[in-house]
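Spelled out, the chains give:
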Amino acid sequence: MTGASVRERLAPLRALRHRISVIDPASRWWARQSKAVQAAVIVAAAAFAIFYPLTLSQGTQSILFFPVGLYVLLALGLNIVVGAAGLLDLGYVAFYAVGAYTTALLTTKSGWTAWEALPVAILVAMIAGVMLGGPTLRLRGDYLAIVTLGFGEIVRIVAQNSTALGQARGITGIPHPGNFFGAEFKLLPLPYYYLALAAIVLTVVMGVRLNRSRVGRAWSAIREDEDAAEAMGVHTFTMKLWAFAVGASTGGLAGWIYASKVSFINPDNFPFFFSVIILAAVVLGGMGSLPGVIAGAVAIGYIPEYLRDVAAGEWITARLNTLIGGNAGTITEYRVLLFGAALVAIMVFRPQGLIPSRQRAAELAEAGETTGMAAAVVVSHEVEEEPREAADAEDAGAAATSPEEEAADAELPIEIEAAQTVLELRDVTMEFGGVVAMKDVSVSVRRGQIFGIIGPNGAGKTTLFNCVTGIFRPTSGEILINGKSIVGWRPHRVTEAGVARTFQNIRLFPNVTALENVLVGVDARHQTSVPGALFGLPRHRREERVGREEAERLLEYVGIGRRSGDLARNLPYGDQRRLEIARAIATGPSVLLLDEPAAGMNPSEKNDLIGLIRRIRDSGLTVVLIEHDMRLVMDVCDQLAVLDFGEKIAEGRPAEVRTDPRVIEAYLGAPGAA
Ligand SMILES: Nc1ncnc2c1ncn2[C@@H]1O[C@H](COP(=O)(O)OP(=O)(O)OP(=O)(O)O)[C@@H](O)[C@H]1O
Ligand SMILES: [Mg+2]
C-alpha cells in the first residue's frame with residue numbers, strides 16, 4: 001500500500017475524529033442558559049439523585065454507593081490536584097487509604113465512634129497531603145508523578161507490613177456510624193449512598209467556590225505557566241500545597257465513608273490500580289470540568305457493573321474470551337482492558353474529555369497546531385479575522401478607534417508608592433558556568449523615569465531583568481528595590497516588593513480570558529486563601545468585587561477593554577503585549593520592567609505603545625525599558641544605559657549616548673542609525 005492510499009483510507013476516520021472533538025452541545029447549551037434555568041437543572045438533578053435510587057433494588061443501590069458514588073467523590077478530589085492545579089498525582093489512593101485506616105484505628109483501638117473519627121480522618125489525610133507535598137512540590141511534571149506513585153505504594157506497603165495496621169489481614173470490626181436524623185446505617189446501602197451524595201455535593205460546592213476565587217485563579221495560572229505565575233506574585237509553592245491538602249482531605253473523607261460502610265479494610269482495597277482508575281475517570285470526563293469529572297466517574301463506575309448482568313455484557317465477554325483466549329466469567333474481569341480501550345479512544349477522538357472545561361479545550365486546540373511563539377502569533381491573527389467580527393456587531397464601530405484613542409482618558413486605577421531611587425543595581429555580576437552574562441553592572445533608576453536599556457543581542461539585558469525579578473540569583477552584587485535588598489528572594493516576593501515585568505517572548509496565561517489574566521496580577525495585592533474562599537468571608541467578597549473593577553479598568557487603561565472576555569491566546573499580537581503590561585501593572589508595582597515590548601509591532605502599534613508608556617510614567621510609575629528600536633528608545637526614554645558583552649559601556653541622556661564613540665562602535669554602527 002502506498003503512503004497516499006493509507007492517507008486516503010484514514011481520511012474518514014480523521015473526519016469522524018474532527019466531528020467528535022468539536023461536538024460540545026452540553027457545555028454550550030449550559031453557557032447560554034439563564035441563572036434560573038441553570039438552577040432548575042441543578043434542582044432536577046439533585047431530586048433525581050435523591051429519589052430515583054429509592055426505586056432500585058438493594059444490589060443496584062449498593063453499586064451506586066460503591067463504585068459509583070465513591071469514584072465520583074475521589075475523582076472530584078483528584079480533579080483539584082490534577083485538573084485545577086495541573087499536578088499529576090499517580091498515588092491519590094494513598095489519601096483514601098489514610099482516611100480509611102485512621103477511621104479503623106480510632107474506632108477499633110481507641111473506642112471512638114465513627115462520627116467522632118470523621119474530622120480526624122479528614123485532617124490526617126490532609127496532613128499526609130502536606131507531608132507529601134512539602135518536600136516534593138518543587139518537582140515538576142514527570143518527576144512529581146513518579147514521586148506520588150511511590151508515595152501511593154509506600155502507604156500500601158506500610159499497611160501491608162505494620163502489625164498495628166493488621167498487615168495483610170487488615171482491620172476488622174469497624175463500627176457503622178450511629179443513627180443520624182433517623183437514618184439507620186448498619187449495612188444497608190442506601191444511607192451510605194446518601195452519605196456519599198452529601199460528600200459529593202459538599203466537594204462540588206467547594207470546587208466551585210475555589211475555582212471562582214483567587215485560589216482557583218492561582219491554580220490555573222500555575223497550570224498554564226508556573227514561572228509567569230510566580231513572577232505575577234503567585235506563591236506557587238503554597239498554592240500547590242493547598243491543592244494537595246484540599247485534594248487529600250476529600251480522599252480522606254471518602255476513606256472514612258468506605259471504612260465505616262464495609263467495616264473491614266485491608267491493603268488490597270488500595271492498590272496502585274485504584275489511583276489509575278480515578279485518574280482515568282478525571283481524564284475521560286474532562287480534566288478541570290466538574291460535570292465532566294462526575295460524568296467520567298459515573299461512566300467508569302457504573303458501566304462495567306451494568307454490563308455484568310445484561311446480555312450485551314455476556315456477548316462482549318464471550319467475544320473477548322475467544323479473541324484473547326481467556327475464560328472470564330463476567331465482563332468485570334475485563335475492566336482494565338475496557339478502561340484502557342476507552343481511554344485510548346477518548347485520547348484519539350476527544351482528548352479534551354467528555355464534557356471539557358473551557359481552559360482545557362483551548363489548551364488542546366493549541367496543542368493540535370504548531371507550537372511555540374510563532375504559532376501563537378499566527379493563531380491569534382487567524383482567530384482575529386473570522387469569528388469575532390461576525391459574533392458581535394458593535395465591534396465594527398469600536399474597531400475603527402485605535403486602542404490608544406479608546407484608552408486616552410482612562411486613569412491608572414491603582415496607587416503607586418515609591419522612594420526617590422526605585423531600583424538600584426550595585427556591581428551585579430551574573431555567571432552561567434563559564435559565560436559571564438553580566439559583569440559589575442551598576443545602574444540607578446529614579447522615580448518617574450523611563451529608563452532605557454539597550455545593547456546588541458546577548459548583551460545581558462534580559463539577564464538583568466531576571467536578576468532583578470529573582471528568577472536568577474546574581475553571582476555577586478546588590479540589588480535594591482526602594483532601598484531594600486532583594487537578592488535571594490523568590491520572584492513572588494520581589495513582585496510584592498514592587499517590581500513587575502513583562503517577558504521578551506510573551507508569557508500570558510493563554511487559555512484563560514484577558515480579564516482573568518489581569519486578575520491574577522490584581523490578586524498579588526490580595527490575601528484571600530482557601531478558608532476565605534470556601535466560607536465566602538467578607539474580605540474575600542470585597543476583594544473579588546474591587547479586584548474585578550480594577551481589572552476591567554486596567555484593560556480599558558491599556559486600550560483593550562472590549563477584549564476582556566476573550567481568551568488571551570485569541571488576542572492579536574499587539575493586544576497580547578498590552579495585556580501583559582496590564583497584568584504587570586495590576587500587581588501594584590513601583591517599577592515596571594518591559595522587555596522588548598515593541599518587538600513584532602508595526603509602526604502604528606509602536607506609536608500607540610509609546611503613548612501608553614508615557615501615560616504609565618505620567619501616572620507616577622517608573623519604567624525600565626529594554627528595546628532594540630532606536631527611534632522608540634530615543635523618543636521615549638529619559639535616561640539610557642548601554643550594555644555590551646555583559647558590561648555597561650555607557651549611560652546618559654539619549655542625545656549623549658547616541659554620540660558616544662564606544663556605543664557607536666558596539667551597537668549603533670553609524671550615528672543616528674536605527
Ligand atoms: N539560563 C541561562 N543559562 C546559561 N546562559 C544564559 C542563560 N540566560 C542567558 N544566558 C546567556 O547570557 C547572555 C546574555 O543573554 P540575555 O538573554 O540576557 O541577552 P539579551 O541582551 O537579552 O539579548 P537579546 O537582545 O537577544 O534578547 C547570553 O550569552 C546568553 O546565552
Ligand atoms: Mg533579551
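These remarks concern the structure in this document. Along each chain, residues carry numbers from 1 onward, in the same order as the chain's sequence is written. Chains and ligands are labelled by the order in which they are written, letters from A for the one and numbers from 1 for the other. Under the rules for a predicted model, residues below a pLDDT of 70 receive no local features and side-chain atom pairs below 80 are neither given nor counted, while totals for whole chains, interfaces and linings still include all residues.

**What about helix α5 (residues 93–108)?**
Here α5 contains 16 residues, and its C-alpha end-to-end distance of 22 Å stays within 8% of the 22 Å for a straight helix at 1.5 Å per residue. Along α5, 15 of the 16 residues are buried, which leaves the element largely enclosed by surrounding structure. For helices the rule is a DSSP run of H or I covering at least 4 residues; for strands it is a run of E covering at least 2, with both sets numbered from the N terminus onward. To estimate how far a helix should extend, the number of its residues minus one is multiplied by 1.5 Å. Exposure in this text rests on C-beta crowding, where 20 or more other C-beta atoms within 10 Å of a residue's own make it buried, 12 or fewer make it exposed, and counts in between make it partly exposed. The C-beta atoms are placed from the backbone.

**Observations regarding the environment of I122**
Assignment of secondary structure puts I122 in helix α6 (residues 114–136). I122 sits in the buried class, given 24 other C-beta atoms within 10 Å. Sequence-wise, I122 and G252 are 130 residues apart; in three dimensions their C-alpha atoms are separated by 4.7 Å. Residues are treated as contacting if the C-beta atoms built from their backbones sit within 7 Å of each other. Those residues in contact with I122 that sit more than four places away from it in its chain are G99, S249, G252 and L253.

**Section: the site of ligand 1**
Near residues are defined by distance alone, with the backbone-placed C-beta atom required to lie within 6 Å of the molecule or strand. Close contacts around ligand 1 come from F432, V435, A437, G455, N457, G458, A459, G460, K461, T462, T463 and Q504, and that covers them all. When contributions to the shell around ligand 1 are tallied by element, the ones reaching two or more residues are β2 (435–446) and α21 (461–468). All residues other than Ala, Val, Leu, Ile, Met, Phe, Trp, Tyr, Cys, Pro, Asp, Glu, Lys and Arg, Gly among them, are scored as polar; the first ten of these are nonpolar and the last four charged. Residues belonging to the shell around ligand 1 are distributed by class as follows: four nonpolar, seven polar and one charged.

**Here's the deal with the packing of helix α8 (residues 189–211) against helix α11 (residues 236–262)**
In this description, a line fitted to the C-alpha atoms serves as the axis of each element, helices being fitted only across the stretch in contact, and the angle between N-to-C directions of two axes falls anywhere from 0 to 180 degrees. The contact between α8 and α11 brings their axes to 11 Å, and the two run at 175°. When the axis of α8 is compared with that of α11, the two are roughly antiparallel. Where α8 approaches α11, its residues Y192, L195, A196, A199 and T203 are matched on the opposing element by T250, L253, I257 and K261. A per-class count over the contact of α8 with α11 returns six nonpolar, two polar and one charged. Throughout this description, any angle smaller than 35 degrees is read as roughly parallel, any larger than 145 degrees as roughly antiparallel, any in the 65 to 115 degree range as roughly perpendicular, and the remainder as oblique.

**A word on the pairing of strand β7 (residues 591–595)**
Among the five residues of β7, five are classified as buried, and the element is accordingly described as predominantly covered. The side-chain alternation of β7 yields two buried faces, one formed by V591, L593 and D595 and the other by L592 and L594. Across five bridges, β7 lies against strand β8 (residues 622–626) in parallel orientation. When the bridges of β8 are listed, V591 appears paired with T622. For two strands to pair, DSSP has to find at least two bridges joining them.

**A word on the sheet that holds strand β1 (residues 421–432)**
Backbone hydrogen bonds hold the strands of a sheet together, and the pairing may be parallel or antiparallel. As summarised here, the arrangement of the four strands in space is β2-β1-β4-β5, forming an open sheet in which the pairing is antiparallel. Taken across any chain shown, the strands that pair with only one partner, and hence form the sheet edges, are β2 and β5 (484–485). For β1 and strand β4 (residues 476–481), the ladder comprises five bridges, and the chain directions are antiparallel. Across the sheet, residue L425 finds its bridge partner in β4, namely I479.

**A short note on the packing of α5 against helix α7 (residues 141–161)**
At a closest axis distance of 8 Å, the pairing of α5 and α7 adopts a crossing angle of 30°. Looking at the two axes, α5 sits roughly parallel to α7. Contact with α5, carried on its side by V93, A94, A97, V98 and Y101, involves F151, G152, V155, R156 and A159 of α7 and no other residues of that element.

**Structural notes on the nonpolar core**
Any set of buried Ala, Val, Leu, Ile, Met, Phe, Trp, Tyr and Cys residues joined through C-beta atoms within 7 Å is what this text calls a nonpolar core. Within the largest apolar cluster, 176 residues are counted, with the highest numbers of intra-cluster contacts made by A75, A243, I278 and A281. Element by element, the count of residues in this core is highest for helix α4 (residues 58–84), at 17 residues. Ignoring sequence-local partners within four residues, the contact set of A75 consists of I278, A281, V282, V293, G296 and A297.

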